[in-house]
Every structure is written in C-alpha cells, then in structure tokens.
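As a plain string of letters, each chain reads:
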Amino acid sequence: MKVVILAILACVAMVSPSRAQSFPNWQQKDIPTAQEWRQWWATKPDTNGDGANLTWDNYTLPDLLGKKVDMSSGSSTNQALTTPAITGGTSNAQSLRMPVITGGSLSGTAASAASVIGPDATAVSRSVQSKEYDRSSVKDFGAKGDGATNDDAAIQTALTALCARTAGKGGELYFPSGDYVISAATGHSVPCAGVSIRGAGGGAVQAGGTRFLVTGTGSVALFDFDAPVVSGDRYFYGGRVTDVAFMFANTTASVTQTGPAVKFTHCAGCVADHVYSYGAYNLFEAYSGFKNRFREFYATQMMSSVALGGGYAVYYHGDETGANCASDIGSCPTRGDVTEVLDFHVDEALSSSKGFVPGSCVHISDFAATTWIAHGTCNQVHIALNIDCPTSTSAAACPQFIHLDRLEAEINATGDAAGSTCISGTDVTHLEAYSFQCYGYNKPTNLIRFITSGKFPSIGHVEFYGGKVEGAAEACVSYAAKDFRFIGGDIIGCNQDGATYSATNSTFGILLQAAADGNSADGGSFVVNGVNFCDGATSAAAPFGAVRIDRGVSYGTITGNIFRGCAAGVADNSGETVNVVANNSGP
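The residue numbering used here restarts from 1 in each chain and proceeds along that chain's sequence as written. For a predicted model such as this one, the threshold for reporting local features is a pLDDT of at least 70, and the threshold for listing and counting side-chain atom pairs is 80 or more; totals across whole chains, interfaces and linings nevertheless cover every residue. Note: side-chain values were computed over all heavy atoms of the structure, leaving out hydrogens and water.

**Looking at the overall build of the protein chain**
Argument step 1. For the protein chain, the helix and strand inventory stands at five helices and 49 strands.
Argument step 2. The rule is simple: take the accessible area with a 1.4 Å probe, protein chains only, and divide by the maximum for that residue type; under 20% is buried, over 50% is exposed, in between is partly exposed. A total of 587 residues make up the protein chain; the buried ones form 51% of that total.
Argument step 3. Where accessible areas are quoted, they stem from the Shrake-Rupley method and a 1.4 Å probe; at the residue level, only the protein chains shown are allowed to cover. Accessible area of the protein chain: about 24100 Å², with a carbon and sulfur share of 51%. Numbering of helices and strands runs from the N terminus; a helix is a DSSP stretch of H or I covering at least four residues, while a strand is a stretch of E covering at least two.

**Overview of the state of the cysteines**
Argument step 1. Sulfur atoms of two cysteines make up a disulfide when they are within 2.5 Å. This structure, assessed with the given rule, holds eight disulfides.
Argument step 2. With a sulfur-sulfur separation of 1.9 Å, C325 is cross-linked through a disulfide to C332. In this structure the cystine formed by C325 and C332 twists about its S-S bond by roughly 70°; its chirality is therefore right-handed. Exposure class is identical for C325 and C332. Each is buried.

**Describing the nonpolar core**
Argument step 1. Core analysis: the biggest nonpolar cluster contains 102 residues, and F297, L431, F436, F464 and F533 have the highest contact counts within it.
Argument step 2. Ranked by residue count, the leading element in this core is helix α5 (residues 152-164), at six residues.
Argument step 3. Beyond its immediate chain neighbours, meaning those up to four positions away, F464 contacts I423, L431, A433, F436, I448, F450, F484, R485, F486 and I487. Note on terminology: a nonpolar core comprises buried Ala, Val, Leu, Ile, Met, Phe, Trp, Tyr and Cys residues joined through side-chain atoms within 4.5 Å. Note on contacts: a residue pair qualifies if any of its non-hydrogen atoms lie within 4.5 Å across the two residues.

**Considerations on the packing of aromatic side chains**
Argument step 1. Stacked, edge-to-face and tilted are the three classes for Phe, Tyr and Trp ring pairs, Trp counted by its six-membered ring, which pair at centre distances within 6.5 Å; planes under 30 degrees apart are stacked, over 60 edge-to-face, the rest tilted. Per the counting criterion, the structure on display carries 22 aromatic pairs.
Argument step 2. Centroid distance F223 to F246: 6.3 Å. Interplanar angle 65°. Geometry classified as edge-to-face. Within this pair, whereas F223 is found in strand β20 (residues 223-225), its partner F246 is found in strand β21 (residues 236-247), the two being separated by 23 residues in sequence. This pair shows no difference in class: F223 is buried, exactly as F246 is.
Argument step 3. Note on F436 and F464: the rings are 6.2 Å apart at their centroids and 45° apart in plane angle, and the pair reads as tilted. Remark: F464 occurs in strand β36 (residues 461-465) and F436 occurs in the loop between β33 (431-434) and β34 (437-441); sequence separation between them is 28 residues.
Argument step 4. Owing to a relative accessible area of 2%, F436 belongs among the buried residues under this scheme.
Argument step 5. Residue classification places F464 among the buried positions, given a relative accessible area of 1%.
Argument step 6. An aromatic cluster is built from F225, F264, F284, F294, F297 and F344, whose rings are joined through pairwise contacts.
Argument step 7. Whether a charge sits over a ring depends on NZ of Lys or CZ of Arg being within 6 Å of the ring centre and within 35 degrees of the ring normal. R135 extends its terminal NZ or CZ atom over the ring of Y174, reaching a point 4.0 Å from the ring centre.

**A few points about the pairing of strand β18 (residues 195-198)**
Argument step 1. When DSSP finds two or more bridges between a pair of strands, those strands are recorded as paired. Note that strand β15 (residues 171-174) and β18 share four bridges and pair parallel. When the sheet's bridge partners are listed, L173 is paired in β18 with I197.

**Some thoughts on unusual backbone geometry**
Argument step 1. For K443, which is not glycine, the phi torsion reads 60° and is therefore positive.
Argument step 2. Inspection of the secondary structure assignment puts K443 in the loop between β34 and β35 (448-451).
Argument step 3. Phi angles above zero are rare outside glycine, and N495 is one such case at about 60°.
Argument step 4. Tracing the sequence through the fold places N495 in the loop between β40 (490-492) and β41 (508-512).

**Some thoughts on the pairing of strand β44 (residues 526-529)**
Argument step 1. Every second residue of β44 is oriented toward a common face, the buried set being F526 and V528 and the non-buried set V527 and N529.
Argument step 2. As judged from the four bridges shared by strand β39 (residues 483-487) and β44, these two strands associate in the parallel manner. The residue bridging I487 from the neighbouring strand is N529, located in β44.
Argument step 3. Pairing of β44 with strand β47 (residues 556-559) involves four bridges; the strand directions are parallel. Looking at the pairing, V528 lines up with I558 of β47.

**So, the environment of Y479**
Argument step 1. Along the chain, Y479 turns up in strand β38 (residues 477-479).
Argument step 2. Take Y479: its relative accessible area is 4%, and that puts it in the buried class.
Argument step 3. In the structure, Y479 is positioned 19 residues away from G460 in sequence and 10.0 Å away in space, judged by C-alpha atoms.
Argument step 4. For Y479, the side chain forms a polar contact with the main-chain oxygen of D483, separated by 2.6 Å. Any pair of N or O atoms that falls within 3.5 Å is considered a polar contact. Within protein, one atom must be able to donate a hydrogen and the other to accept it, and sequence-neighbouring residues count only if both atoms are side-chain atoms.

**Here's the deal with the pattern of salt bridges**
Argument step 1. Salt bridges are defined as contacts in which a side-chain nitrogen from Lys or Arg sits within 4 Å of a carboxyl oxygen from Asp or Glu. If you walk through the whole model with that rule in mind, you get 11 salt bridges.
Argument step 2. Residues R406 and E408 are paired through a salt bridge, measuring 3.9 Å at the closest nitrogen-oxygen approach.
Argument step 3. Residues D550 and R548 are paired through a salt bridge, measuring 2.8 Å at the closest nitrogen-oxygen approach.
Argument step 4. Residue classification places D550 among the buried positions, given a relative accessible area of 15%.
Argument step 5. One network of salt bridges, with partners in common, ties together R135, E172, R198 and D243.

**Considerations on the environment of R335**
Argument step 1. The topology assignment puts R335 in the loop between β26 (312-318) and β27 (336-348).
Argument step 2. Sequence spacing of R335 and F290 is 45 residues, and the spatial spacing of their C-alpha atoms is 8.4 Å.
Argument step 3. Dropping the residues within four chain positions of it, R335 is found in contact with S288, G289, D319, I329, G330, F367 and A369.

**Side note on the confidence of the model for the protein chain**
Argument step 1. Per-residue pLDDT for the protein chain averages 85, and the proportion of residues at 70 or more is 79%.
Argument step 2. A score from 0 to 100, pLDDT tells how confident the predictor is in each residue. Between residues 1-23, whose pLDDT stays under 50, and residues either more than four places distant or in other chains, the model counts 35 contacts.
Argument step 3. pLDDT under 50 marks residues 516-522. Its contacts with residues more than four places away, or in other chains, come to 18 contacts.

**Details of α5**
Argument step 1. In this analysis, the expected span of each helix is defined as 1.5 Å times one less than the number of residues it contains. In this model α5 runs 18 Å from its N-terminal to its C-terminal C-alpha over 13 residues, within 8% of the 18 Å that 1.5 Å per residue would give.
Argument step 2. Among all positions in α5, only D152, A154, I155, A158, L159, L162 and C163 are buried.

**Some remarks on the side chain of T339**
Argument step 1. Relative to the elements of secondary structure, T339 occurs in strand β27.
Argument step 2. Its relative accessible area of 1% is what places T339 among the buried residues.
Argument step 3. Polar side-chain contacts of T339 include one of 3.4 Å to the side chain of Y316.
Argument step 4. Setting aside anything within four residues of it in sequence, one finds T339 in contact with N292, F294, Y316, T370, T371 and W372.

**Regarding the environment of I387**
Argument step 1. Tracing the backbone through its elements, the reader meets I387 in strand β30 (residues 383-388).
Argument step 2. Relative accessible area serves as the criterion here: at 0%, I387 is assigned to the buried category.
Argument step 3. Considering only alpha carbons, one finds I387 and V428, 41 residues apart in sequence, at a separation of 6.8 Å.

So this is what it looks like as structure tokens:
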C-alpha cells in the first residue's frame, strides 16, 4: 500500500510542479508511514498545520491519507477494503472482502470470506463463513426471540437454508436464549437429514433459556422432520431437538393447539431430549422409522378437554400401507421399529368440569415393533400406556416386543372410570414389564386390561415381574388373551366399589377370562407365582378374592402366592384338569 501512496504522490507532483510546498527528498525504500506524513505536514506553513489546505489537483492531503491503510500494527477506520492483509493492526467499522487477519482485532466490521485460525498450534486457517457453518444461529436469519415478534418465517428460512447447502448439508441450528413466538397453524418442515435444533435449555413456565411460545389455533406438527427417503432405502437418517421448551396456550376449558411439538416421519436415529413442555395436548409423534428416542423430557400440565379427551405425550405408530408390505412384512417401509421412551415425567392438568377426561401418557399403535419404556412417571393420567391395533390386517403387524422397566403410573379416573387404566391392551402380540408401579385414583374399573378384538385368533403374550398394582373399583387385573405371567409383586386395594365377594363376579385381584367381549383366550397358558394379594393397601377396599379362572382357560399354574386378608384364594371355574393350584398361603 505504501507503494500505492508513492505512485499517487509522484503523479500529482508531475501534473502540479508549481505548488509552493515541496516533498522531502525521500528514497523509495524510505516511504513514510501515515503518522510520519502527518508529522511532516504539521511543520508546513498552512492554516491548520494538518495539511488540509494543501492540494494536488483534486486531492487534499487527508484525501491521500484516507487512501492509505497501515497493514502492520496500525489502524484502519471506516474503510471499504478488498483483499487486505492485516497483521497486528486494528480494524474498526470496516467492510472487508476476503481479508487475511493475523493477530489483529475487528470491531463493528463486516467480513466476507475472512480467514480465522483456531488457538491450537496445529490449527489451520479457515474462512469465517466455513466456521459459521459449524453452527448456525436462527437469529442470523432474522428471528427475534423477543416474545412478541412472530418468528415462523425466519425459522423456516433457516431450516430451508441449512438443507439447501451443496456441501455440509444439515447441521445445527442454534436458538439463543429467548422467547420465540410461533403459530400452532404454521408448522416448520425440516426437509433434510442431519438437522439438530438446539436451544439454551430452560423451562416452559419461567422465562429463561429457549422457549417456543405457541399462539393461535392449529393441529400441525410444530417441527416436522420429514426429509425425503432416497430410493432403495426405508428411512432418512438423523435429526434432533434438544434443550428447548414449548409453552402451549391450551387450557382445560379450551384445547385448540392439538398438533405435536415434534414429529419424526420415516426417520432412523432421530432424538428428542431435554425438552420441557407446558400445556401440550400432543407432545411427540413418531411414524414408521427405526431407533428413534424420546428421552429426558418433562411434560407438565398436559391438556385435554371435555370435547376432545385423549392426547398423548408420546404417540408411536406404523402401518402396512408401504410398498411390498404384503409380500415382505419384515421389510415393510412403513413399519415402526425400535423406539425408546426413557427417563421422563408426564403430568396431566385436571378439571372439575362434568365429562372432563385427563390426557394420557404413551400410545403405541398398529405396526410398531420393539418399544423400550423405562424410568418414567405418568402422573394423574387417563391411560398410562395404550396399545392397540385398529387398522392392521395381520397379527404380525400389531404392537410387539414391548419392554417396560420401572414405569410408575398414577391413574385418575375422572370422567371415565371404565376407560381409565394403567395399561390398556388390545391385540398386543408381546409385552413384558419389570417393577411396574400402578396406582388408581377415583376408582378406575380396572388397572390392567388386555383383550383381543376377534380379528386375530390366539394373540397375546404378556408378562409382569414384580411391582405393585393398587386401587381399582373392581378387579385390578383383567386378562382375556393368550399367554399371561404375573411373577412376584403386590396386587392390593381392589374391589373399592365394595361389592360382596362372589366366585362369579369381579371381586378379584386377577380375572383370567376365556371370553371377554366375545373373544376367546383358549390355547394359551398362565402362571401366577409369588404374588402378595389383598393385604397392605393404603386405600380402603372391601374383601376380594385373589384369582378367578374362567371356563376354557387352561394350562395354568397358580403357586407360591400369599392370600393374607383375602376373602378367598382361587376360584377355579375353568372345568379343566390341566390347571394346577397349589402351595399358596391363605384361604
């Protein structure tokens, strides 16, 4: 740049030889710095002593100095520079294009294609733009997060931009701490794989961290991970929502925001974790896909209403509609497979309104195979776990391989005693539960209920190991499917309606039924072993019997149980000679 100054001054000297002031006799190798120019001109006899009145053609000295930028240990202010190299200097309020900056500082400067080097000795130079690709902020696309401005358009622009990149497609979209206003009717598509939506944490009911404030009325998914599936595959791969909170405007009197906060469609390896919500009707949904996870979330005051009922924190489903499902059920592209719901808490809002029914916790439906549910609590819900198979045409496409581990459910039967249960299962292929804790409030009819619809003969294999079941109006457990195991644990506090015990009514801890709603459980087997019945309940209940076995239920063993405080032990109405009832303690 010093060479540029020399050239300019040489030119103006040639065209203006009559100027009274003369230049010092400097050699080219001694071209002065800007500071030296100022010091020299300050000694000249001009009005201000700063060279402002000294001109060459159309140039004043300040004009010339303004065209000079010191590249080493100097400063540059209010410049528009192209490909500058700045070493140890200072750049203030600049517009820089393709600068190389080493050891200097920038303030209020817009840089395009600037280079930066990390702090490590082996770090390499990268452009600022490349580094920004590592994690984009939604505020770079115009989102405000001020709790007042609608940010729908900015959020969608950001997601679309991440997925439109030719290299490094997807990546993290960061939502800095703030309140982002979004519409329940708009929704946001995440149109490619590998997008992570990350916030700054925080809770929904208190300002702080990253919150989405949902406004208006609507039923769409707020964030729908719906990337296309490439030909020959069944899924797209990877997506995440983490460290954010959703604040819905639903109330028990008016539920108008019914879409899920997050939906995964045909995804393999998608995750929603560290999510907090308030007032959701539906929170998470997964359709089809493989190895999706919902974990470490807190859904408080889940909302339902008299008009709607239902609503779930997690809804996981698949179906048989995909190509080749009929010919190759194992490779069906609309099958849901391996979903985890772990380390969570859900609680429901309640209402005294007549006909009000609380919302529910987890719903597994149709072609949804291999579900792990562990270390969770479902508090004051209508149904903790609802499993059904309403549309499938094959038992192989019904829910199967469901594993529960230390799930605690508290059921509130407000508005629907008959429908309120800890587990409701219809056409379930297989379930096993360990240390399942189930408590009923406001007298739900049953706490665990399994039936078959009649579409699929001899379906059902259910096992319980340990845990506690307490607080039903009639029988605590009602089972009418194929195979049943209940090993260890407690079944207490049943018959809270106070009916007089009879060997043929519902005053039992467990009903093993060969016919429920016209559906047979013949052809299976049952084991009840090491269970404590009747005594130990914290809520008042009339005396009841331990187990009733209905006609047609065969190949069962009931041994090693404790019937302390029971009205009776086992009422075997089966008429079968292959059932064994022995070595129980009590009546």
